[in-house]
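# Chains, contacts and geometry: an overview
Letter by letter, the chains look like this.
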Amino acid sequence: MTCVLLPRLLLLLPLAAPATGIHHGPTSPLRYSRFLDPSNVMYLRWDFDLETEIITFDLQVRTTGWVGLGITNRYTNVGADLVVGGVLPDGTVYFSDQHLVDDETLHEDGSQDAELQLLKEDAVYTTMRFSRPFRSCDSHDGDITSDTIRVLGAYGLDDTVKLDRKRTFVKSIFLLQIVHPDDLDAPKISYIHDLEITDFLIPEDDTTYACTFLPLPIVKEKHHIYKFEPKLIYHNETMVHHILVYACGNASSLPTGISDCYGADPAFSLCSQVIVGWAVGGTSYQFPDDVGISIGTPLDPQWIRLEVHYSNFHNLPGVYDSSGIRVYFTPILRKYDMGVLQLGFFTFPIHFIPPGAESFMSYGLCETEKFEEMNGTPVPDIQVYGYLLHTHLAGRSLQAVQYRNGKQIKTICKDDAYDFNLQETRDLDKRVTIKMGDELLVECHYQTLDRTTLTFGGPSTINEMCLIFLFYYPRNNISSCMGYPDIIHVAHELGEEATDSMEGMMAMNNIEWNPEIIKKAEKACKEADQVVVIKTIDEMVMNQTGHIPDIIPTPRGPCLESIGGKVEPQDKTPAGFRAAPPIQSGCSSAFSLTILLLLQGTFSWLLISLQSAI
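Residue positions are given per chain, counting from 1 as you read along its sequence in written order. Note on the predicted model: pLDDT of at least 70 is required for a residue's local features to be given, and 80 or more for side-chain atom pairs to be given and counted; whole-chain, interface and lining totals, by contrast, use all residues. Hydrogens are left out, water is left out, and the side-chain values use all remaining heavy atoms of the structure.

Here is the rule: UniProt positions are given in the numbering used here, feature names are shortened, and annotations may be inferred rather than shown by experiment.
In the nomenclature of an unreviewed UniProt entry, the chain is known as Putative DBH-like monooxygenase protein 2 of Monodelphis domestica. Per UniProt, the chain has the following entry under Sequence similarities (unreviewed entry): "Belongs to the copper type II ascorbate-dependent monooxygenase family." As recorded by UniProt, the Cofactor (unreviewed entry) comment attached to the chain reads in full: "Cu(2+)".

## Focus on the layout of surface pockets
Put simply, the test is: Here a cavity denotes a set of grid points, spaced 1 Å apart and computed over the protein atoms alone, in which a 1.4 Å probe fits but from which it cannot get out, and a pocket denotes an open set meeting protein on both sides within 12 Å along at least five of seven lines; residues with an atom within 4 Å of a point are reported as lining. Grid points are joined across faces, edges and corners, and a volume is the space filled by probe spheres set on the points. Strands are runs of DSSP state E lasting at least 2 residues, helices are runs of H or I lasting at least 4, and numbering of each runs from the N terminus. Under this grouping Gly is polar, as are all residues other than the nonpolar Ala, Val, Leu, Ile, Met, Phe, Trp, Tyr, Cys and Pro and the charged Asp, Glu, Lys and Arg. As used throughout, domain bounds are those supplied by an automatic or database domain assignment.
By volume, the largest pocket is sized at about 1500 Å³. Along the wall of the largest pocket there are 43 residues; nearest its centre are T145, S146, K414, T554 and P555. Listing elements by their share of the lining of the largest pocket, those giving two or more residues are strand 28 (360-367), strand 30 (395-404), strand 31 (407-415), strand 32 (426-434) and strand 33 (439-446). A breakdown of the residues in the lining of the largest pocket according to their chemical character gives 21 nonpolar, eight polar and 14 charged. Per-domain counts for the lining of the largest pocket show at least three residues from each of domain 1 (32-173) and domain 3 (338-552). Its boundaries defined by the atoms lining it, the second largest pocket holds a volume of some 830 Å³. Taken together, 36 residues line the second largest pocket, and the ones lying closest to its centre are Y246, Y262, Q342, T347 and M465. Tallying contributions element by element places strand 17 (residues 240-247) first for the lining of the second largest pocket, with four residues. Class assignment for the residues of the lining of the second largest pocket results in 19 nonpolar, 13 polar and four charged.

## Quick notes on a nonpolar patch on the surface
The condition that has to hold: Here a patch means residues that are over 30% exposed by relative accessible area and free of salt bridges, tied together within 9 Å if like-charged and within 5 Å if nonpolar (Val, Leu, Ile, Met, Phe, Trp, Tyr). Areas reported here follow the Shrake-Rupley algorithm with a probe of radius 1.4 Å; residue values treat only the protein chains shown as occluding. Salt bridges are counted wherever a side-chain nitrogen of Lys or Arg sits within 4 Å of a carboxyl oxygen of Asp or Glu. Any residue under 20% of the maximum accessible area for its type is buried, any over 50% is exposed, and the rest in between are partly exposed; the area is computed with a 1.4 Å probe on protein chains only.
A cluster of nonpolar side chains, namely I189, Y191 and I332, defines an oily patch on the protein surface of about 260 Å² accessible area. Tracing the backbone shows I332 in the loop between strand 24 (324-330) and strand 25 (336-337). In this structure I332 comes out as partly exposed when scored by relative accessible area, which is 39%.

## Some details on empty space enclosed by the protein
Scanning the entire structure with this criterion turns up five cavities of 30 Å³ or more. Here the largest cavity is characterised by a volume of approximately 90 Å³. In terms of lining, the largest cavity is formed by 14 residues, of which the most central are F345, S362, Y363, P485 and C525. Listing elements by their share of the lining of the largest cavity, those giving two or more residues are strand 28 and helix 5 (515-527). Among the elements that make up the lining of the largest cavity, the one with the highest residue count is strand 28 (four residues). The residue inventory of the lining of the largest cavity, partitioned by class, reads 10 nonpolar, three polar and one charged. Roughly 60 Å³ of volume is contained in the second largest cavity. Mapped by element, the contributors of at least two residues to the lining of the second largest cavity are strand 5 (67-72), strand 6 (81-87) and strand 10 (126-133). For the lining of the second largest cavity, the element with the highest residue contribution is strand 5, accounting for three residues. Of the residues that constitute the lining of the second largest cavity, the class distribution is seven nonpolar, one polar and two charged.

## Digging into the state of the cysteines
Definition in use: Here, the term disulfide refers to a pair of cysteine sulfur atoms separated by no more than 2.5 Å.
Summed over all chains, the structure comprises five disulfides. Note on cysteine connectivity: C248 is disulfide-linked to C271, with sulfurs 2.0 Å apart. Where C248 bonds to C271 through sulfur, the torsion about that S-S bond is close to 110°, and the disulfide is right-handed. Here C271 lies in the loop between strand 18 (259-260) and strand 19 (273-279) and C248 lies in the loop between strand 17 and strand 18, a separation of 23 residues in the sequence. When its relative accessible area of 1% is taken as the criterion, C248 is described as buried. A residue is classified by how much of its surface remains accessible, and C271, at 1% relative accessible area, is buried. Disulfide partner of C444: C466, at an S-S distance of 2.0 Å. Here the disulfide of C444 and C466 is right-handed, its torsion about the S-S bond being about 90°. You can see C444 sitting in strand 33 and its partner C466 sitting in the loop between strand 34 (455-456) and strand 35 (467-473), a full 22 residues away along the chain. In this structure C466 comes out as buried when scored by relative accessible area, which is 0%.

## Quick word on the pairing of strand 22 (residues 303-311)
The line we're drawing: Strands pair, by our definition, only if DSSP identifies at least two bridges between them.
With eight of its nine residues buried, strand 22 lies for the most part within the structure. Judged from the seven bridges that link them, strand 17 and strand 22 form a sheet pairing that is antiparallel. When the bridges of strand 22 are listed, I243 appears paired with V308.

## As for the side chain of T148
This is how it is decided: Identification of polar contacts relies on pairs of N or O atoms within 3.5 Å, with a donor-acceptor requirement for protein atoms, meaning one able to donate a hydrogen and the other able to accept it, and with residues adjacent in sequence counted only if both atoms are side-chain atoms.
Structurally, T148 can be placed in the loop between strand 10 and strand 11 (149-155). Residue T148 is classed as buried on the basis of its relative accessible area of 2%. A distance of 2.6 Å separates a polar atom in the side chain of T148 from a polar atom in the side chain of D415.

## Looking at the packing of aromatic side chains
Definition in use: Each Phe, Tyr or Trp ring, with Trp reduced to its six-membered ring, pairs with another whose centre is within 6.5 Å; inter-plane angles below 30 degrees give stacked pairs, above 60 give edge-to-face pairs, and intermediate values give tilted ones. Sitting over a ring, as applied to charges here, requires NZ of Lys or CZ of Arg to be within 6 Å of the ring centre and within 35 degrees of the ring normal.
One pass over the structure, following the stated rule, counts 19 aromatic pairs. Taking the centre distance of 6.0 Å and the plane angle of 50° together, the rings of F228 and Y285 count as tilted. Remark: Y285 occurs in strand 20 (residues 285-286) and F228 occurs in strand 16 (residues 223-231); sequence separation between them is 57 residues. This pair shows no difference in class: F228 is buried, exactly as Y285 is. An aromatic cluster is built from F228, Y285, F287, Y385 and F471, whose rings are joined through pairwise contacts. The ring of F48 has R31 lying over it, and the distance from NZ or CZ to the ring centre is 5.9 Å.

## What to know about the environment of Y262
For clarity, the cut-off: Any pair of residues with heavy atoms lying within 4.5 Å of one another is described as a contacting pair.
Mapped onto the secondary structure, Y262 falls in the loop between strand 18 and strand 19. Residue class for Y262 comes out partly exposed when judged on its relative accessible area of 43%. As for Y262 and Y209, which are separated by 53 residues in sequence, their C-alpha atoms are 7.3 Å apart. In this view, Y262 contacts Y209, Y246, S269, R305 and E307; residues no more than four positions away in its chain are not counted. Within polar-contact distance, the side chain of Y262 engages the side chain of E307 at 2.5 Å.

## Quick look at the sheet that holds strand 17
Taken together, the five strands give an open sheet; going across it, the order is 18-15-22-17-19, and neighbouring strands pair in antiparallel fashion. Only two strands of the sheet have a single neighbouring strand rather than two, namely strand 18 and strand 19. Bridge count between strand 15 (residues 207-215) and strand 22: nine bridges; the pairing is antiparallel. When the sheet's bridge partners are listed, Y209 is paired in strand 22 with H309.

## As for the pairing of strand 5
Across a regular strand the side chains alternate sides, sitting on one face of the sheet and then on the other. The buried fraction of strand 5 amounts to six of the six residues, a majority that puts the element mostly inside the structure. Across the two faces of strand 5 the burial is the same, with V67, L69 and I71 and G68, G70 and T72 all buried. In this structure, strand 5 lies alongside strand 6, joined through five bridges in antiparallel fashion. Counterpart to V67 in the pairing with strand 6 is G85. Sheet analysis places strand 5 next to strand 11, joined by six bridges and oriented antiparallel. Note that in strand 11 the partner of T72 across the bridge is R150.

Printed below as a string of structure tokens:
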């Protein structure tokens with residue numbers, strides 16, 4: 001009973017503590033870190049345990065006032081959760097789990113699901129460390145998932161807890177990063193090779209796709225590329241949207257110079273098998289210890305196409321750039337040769353998204369039954385270990401779903417909170433096996449409430465894409481497998497005449513879009529016959545037809561019952577909730593601390609009483 005009552009007392013009373021604050025809980029270093037603000041005032045470290053589904057945060061802020069950390073969404077901070085703490089001038093610690101009821105005001109949650117581990121202050125910094133479950137049973141707490149998480153950080157200059165926009169920041173972070181770079185082996189022998197565009201004058205256009213063809217490292221025997229990172233010119237980094245490296249077939253006849261990738265000369269769009277890629281928000285990436293990109297054998301590509309997408313929205317003149325990709329390679333071979341499979345909606349010219357859509361889904365189908373015919377040799381099971389998701393500004397979420405023998409078996413990867421400004425290669429927690437004959441479906445969710453005209457698929461940032469790149473082994477010759485609907489069928493379903501695909505797309509401009517018509521268009525696109533386009537590294541193309549299967553949503557897991565405070569019945573989901581992990585000796589460390597502090601207070605009172613008696 002004592003263990004139940006004491007944490008509630010903890011909410012009502014400040015924590016009596018030494019002048020520097022309070023220390024308890026884990027002392028092990030946390031592996032991951034980011035600054036939350038442009039001025040590097042708020043420094044966040046974190047780590048997590050996938051088995052217990054507990055995450056630990058350590059927030060250090062350059063202030064002697066209060067600090068706060070929580071989770072919000074892309075639209076508003078109202079309703080966001082925020083764990084708040086600080087140290088008063090007399091050394092008293094305050095700490096609680098709260099949520100925003102408006103842009104400035106916080107209310108304490110009925111369920112306190114954050115467990116304090118450390119709270120201290122010195123002349124420069126306030127540091128707060130706490131842990132919380134991935135998913136509590138409190139509806140005010142945001143879930144920690146494998147999606148992009150919008151982390152909310154805030155602080156004050158004193159101990160009056162009130163949000164100020166100047167000191168409130170939101171940063172998109174992939175918190176559940178499975179592999180930390182420090183966990184990977186660094187080869188004892190390694191070399192560097194840069195693939196870059198040199199002194200390229202960025203045109204004064206909104207969007208430019210610049211391509212050039214470059215040789216891979218020349219080696220006398222087999223090597224593996226094991227890591228890559230972007231090379232960005234500091235003043236131009238905001239203008240570079242993405243960089244892709246495509247492997248070329250050794251029989252390809254390649255042009256020289258730099259030109260528009262998708263312009264008048266089709267030769268500059270040759271080579272379509274992505275081997276590495278970087279997009280805005282991403283950083284370096286090192287492959288798992290057992291895989292690498294093979295170079296140096298007769299079967300390996302010798303040349304690549306480097307594609308750099310520039311977004312010069314301010315039409316700045318006279319800007320030169322030398323961006324590219326740096327690759328690290330080694331003669332110490334890995335077990336598997338890796339490849340990249342591009343999935344999604346065939347970008348041009350069929351893809352369209354209506355204006356004013358609260359929600360619009362696009363689907364790209366891949367059927368693998370023809371892979372062996374296209375590959376020329378048997379294709380072993382594909383083992384997927386990582387992925388990269390890509391849409392443009394209207395994209396809200398993506399997922400890749402796997403089917404076998406007509407049944408959905410797995411969601412390979414997803415992000416229900418996609419952020420255009422955070423596109424990075426991510427590792428799967430468990431590798432996924434794709435067998436020949438499986439169907440793979442990419443679903444992209446868009447929102448166009450801020451648009452009054454149709455959005456078409458295309459290369460510009462204001463166009464759209466729906467792509468997922470799967471990183472896998474062992475390598476085969478298939479570069480992409482993407483789909484698009486029969487647009488003539490879609491036009492007819494919307495009451496428009498069309499005899500070919502071009503007329504079908506033009507007919508979309510004739511439609512008066514409203515929510516009912518938008519849903520009708522989405523349904524027509526999904527139910528239409530799908531054209532599946534399979535392409536190899538040697539530019540061989542095969543088309544086949546298929547149909548979009550239904551996606552069965554993945555149920556949310558159980559929430560974690562609060563270890564202190566009140567859990568409202570309506571906060572419990574149909575999945576139920578699980579009890580908090582057992583605590584040694586019947587009380588958590590926070591409870592033990594409370595008992596200790598109360599005992600210290602009792603002892604002090606007794607001591608004073610004895611002194612008075614004397």
